[in-house]
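# Notes for the structure review
Here's the letter readout for the chains.
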Amino acid sequence: MPAVSETPVRHDWSRGEVRALFDLPFPELLHRAASVHRGHFDPSEVQVSTLLSVKTGGCPEDCAYCPQAQRYQTGVDAQKLMSTEAVLDKARQAKAAGASRFCMGAAWRSPKDRDIPKVAAMIREVKALGLETCATLGMLSDTQARSLKDAGLDYYNHNLDTAPDFYNEIIHTRDYQDRLDTLEHVRDAGMKTCCGGIVGMGESRQQRAGLLQALANLPAHPDSVPINRLVKVAGTPLADNEELAELDPFEFVRTIAVARLLMPRSMVRLSAGREQMSDELQALCFLAGANSIFYGEKLLTTGNPDTERDLALFERLGLRPMQVVEHAGQEGGTVHADIIETDTTGTDADRPACVA
Ligand code: SF4
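Residues numbered from 1 in each chain as written. Predicted model: local features only at pLDDT ≥ 70, side-chain atom pairs only at ≥ 80, totals over all residues.

### Points about the overall build of the chain
- Regarding its fold elements, the chain presents 11 helices and 15 strands.
- Sorting the 356 residues of the chain into buried and exposed places 52% on the buried side.
- A fraction of 81% describes how many contacts in the chain between residues 6 or more apart in sequence connect residues 24 or more apart. (Helix = DSSP H or I, 4+ residues; strand = E, 2+ residues; numbered from the N terminus. Buried ≥ 20, exposed ≤ 12 C-beta atoms within 10 Å, placed from the backbone. Contact = placed C-beta atoms within 7 Å.)

### Points about unusual backbone geometry
- Phi at Asp 161 is positive, roughly 75°, even though this residue is not glycine.
- Tracing the sequence through the fold places Asp 161 in the loop between β5 (155-157) and α6 (176-189).
- Note on Asp 161: 24 C-beta atoms within 10 Å, which makes it buried.

### Re the nonpolar core
- With 92 residues, the main nonpolar core has Ala 135 and Ile 256 as its most contacted residues.
- If you tally residues by element for this core, the top one is helix α9 (residues 249-262), at eight residues.
- Not counting residues up to four positions away in its chain, the partners in contact with Ile 256 are Ile 227, Val 268, Cys 285, Ala 288, Gly 289 and Ala 290. (Core = buried A, V, L, I, M, F, W, Y, C linked by C-beta atoms within 7 Å.)

### Points about the UniProt feature "binding site: [4Fe-4S] cluster" (unreviewed entry) in the chain
- UniProt's entry tags Cys 59, Cys 63 and Cys 66 with the feature "binding site: [4Fe-4S] cluster" (unreviewed entry), counted in the numbering of this structure.
- You can see Cys 59 is positioned in the loop between β2 (52-55) and α3 (84-96).
- Leave out the neighbours within four places in its chain, and Cys 59 touches Gln 68, Ala 69, Gln 70, Ala 107, Trp 108 and Arg 109.
- For Cys 63, the position within the fold is in the loop between β2 and α3. (UniProt positions renumbered as here; feature names shortened; annotations may be inferred.)

### Concerning α3
- End to end, α3 covers 18 Å across 13 residues, agreeing with the expected 18 Å (1.5 Å per residue, within 8%).
- Of all the positions in α3, only Val 87, Lys 90, Ala 91 and Ala 94 are classed as buried. The buried side chains of α3 occupy one side of the element, clustering within an arc of 100° when seen end-on. In α3, the exposed residues that point more than 90 degrees away from the buried face are Glu 85 and Ala 96.
- In this fold, the buried residues of α3 make contact with β2, β3 (101-106) and α4 (116-128). (Expected span 1.5 Å × (residues − 1). Arc of directions from axis to C-beta.)

### Section: the environment of Phe 102
- With respect to the helices, strands and loops of the structure, Phe 102 is situated in strand β3.
- Note on Phe 102: 31 C-beta atoms within 10 Å, which makes it buried.
- Sequence separation between Phe 102 and Thr 133 is 31 residues, and the spatial gap between their C-alpha atoms is 5.1 Å.

### Focus: the packing of α4 against helix α5 (residues 142-151)
- Packing of α4 against α5 brings their axes to within 8 Å, and their N-to-C directions diverge by 25°. By the angle between their directions, the pair α4 and α5 is classed as roughly parallel. Judged by the twist between their axes, the crossing of α4 over α5 is right-handed. In this structure, α4 contributes Ile 116, Val 119, Ala 120, Ile 123 and Arg 124 to the contact, and α5 contributes Gln 144, Ser 147, Leu 148 and Ala 151.
- In the contact of α4 with α5, the residues fall into six nonpolar, two polar and one charged. (Axes fitted to C-alpha atoms, helices over the stretch in contact; angles between N-to-C directions. Parallel < 35°, antiparallel > 145°, perpendicular 65-115°, else oblique. Left-handed = near helix turned anticlockwise from the far one by under 90°. Nonpolar A, V, L, I, M, F, W, Y, C, P; charged D, E, K, R; others polar.)

### Focus: the pairing of strand β9 (residues 267-270)
- Burial along β9 is two-sided: the face carrying Met 267 and Arg 269 and the face carrying Val 268 and Leu 270 are both buried.
- Bridge analysis of strand β8 (residues 224-229) against β9 gives four bridges, and the strand direction is parallel. In the strand pairing of β9, Ser 224 is matched with Met 267.
- Pairing geometry for β9 and strand β10 (residues 292-294), over two bridges, is parallel. Paired with Leu 270 across the strands is Ile 293, a residue of β10.
- As a crossover connection, the stretch from β9 through helix α10 (residues 279-287) into β10 is right-handed. (Pairing = 2+ DSSP bridges. Right-handed = clockwise from strand over helix to strand, strands pointing away.)

### Let's talk about the pairing of strand β4 (residues 132-136)
- With five of five residues buried, β4 is to be regarded as a mostly interior element.
- The parallel pair β3 and β4, bridged by α4, forms a crossover whose chirality is right-handed.
- Inspection of the sheet shows β4 paired to β5 by two bridges, in the parallel sense. Among the inter-strand pairings, Cys 134 is bridged to a residue of β5, identified as Tyr 155.
- For the handedness criterion, the β-α-β arrangement of β4, α5 and β5 is classed as right-handed.

Put into structure tokens, the structure is as follows:
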């Protein structure tokens, strides 16, 4: 059980305060983050999560990192929305494998109103299996958010991606405010939020601080905060940018640690880019307060360490997968459990990137 020394939840961080945390000596930053982590969670437990792409590729957006954007030549074959029955097959397999939450991702700018009943049917049916439900479908109107909530959707993922002052370097087809609006609609509809970003896209440390500041100053901290490390996928603008240097691994750990300090009750998730991380780097991330990973062979647009490697790492580090967590999020007391992804078809580049 976590220790009782809880950290106050704040929503008024200045960029300077966040930057000062980034600038701490590395051992001091990790010590603080580890202390906060164990104040809210059992540091020996890691939530394992995976995702099912229910609609792949053909996205009209221009996210510079994403192989599913229609405009980039990345070799992704666009696929239509899966049938409810096909999704249910996956959900049943997931449940049989021990999942209690099932996440469905679609590479859309936003769902059309005509798509909502189809997705709502999936949600209803998956829910009827006794699974928690999670989705990421792009921007949502308030009406669409309410419809999904009414269908039984528990969680909605929508990332901020990067700092407001770097955003226009990466995406031009929707505004930062559009993202904030969708998150508001999700919260207002009564769903929990999963919201994070991507680092290593050429942003400065100041801008990484800006991303975390924006996340922490949302009206409610996201229940889950995925922190992705850029994976360069051939054909995307960021992969074609030869001047883009790889992010220093210690800087990635710092980002995890600061996320843990700013959002002490959230699940901080290692997401895309984990396959490229050494075991030692992942261990540092766990020490810095990461307590959730994507698990399994594939993670949407990119590869992911295979299950055996994850299990071996857990064994070596004395960690165990979280089965059912007394979630210490904003609402408190909510059960937050695993997602098991069972899709073994397609290639690594066949999955939407916006959901990681
Ligand atoms: S990240 Fe999402 S919204 Fe952006 S291009 Fe990829 S699928 Fe579309």
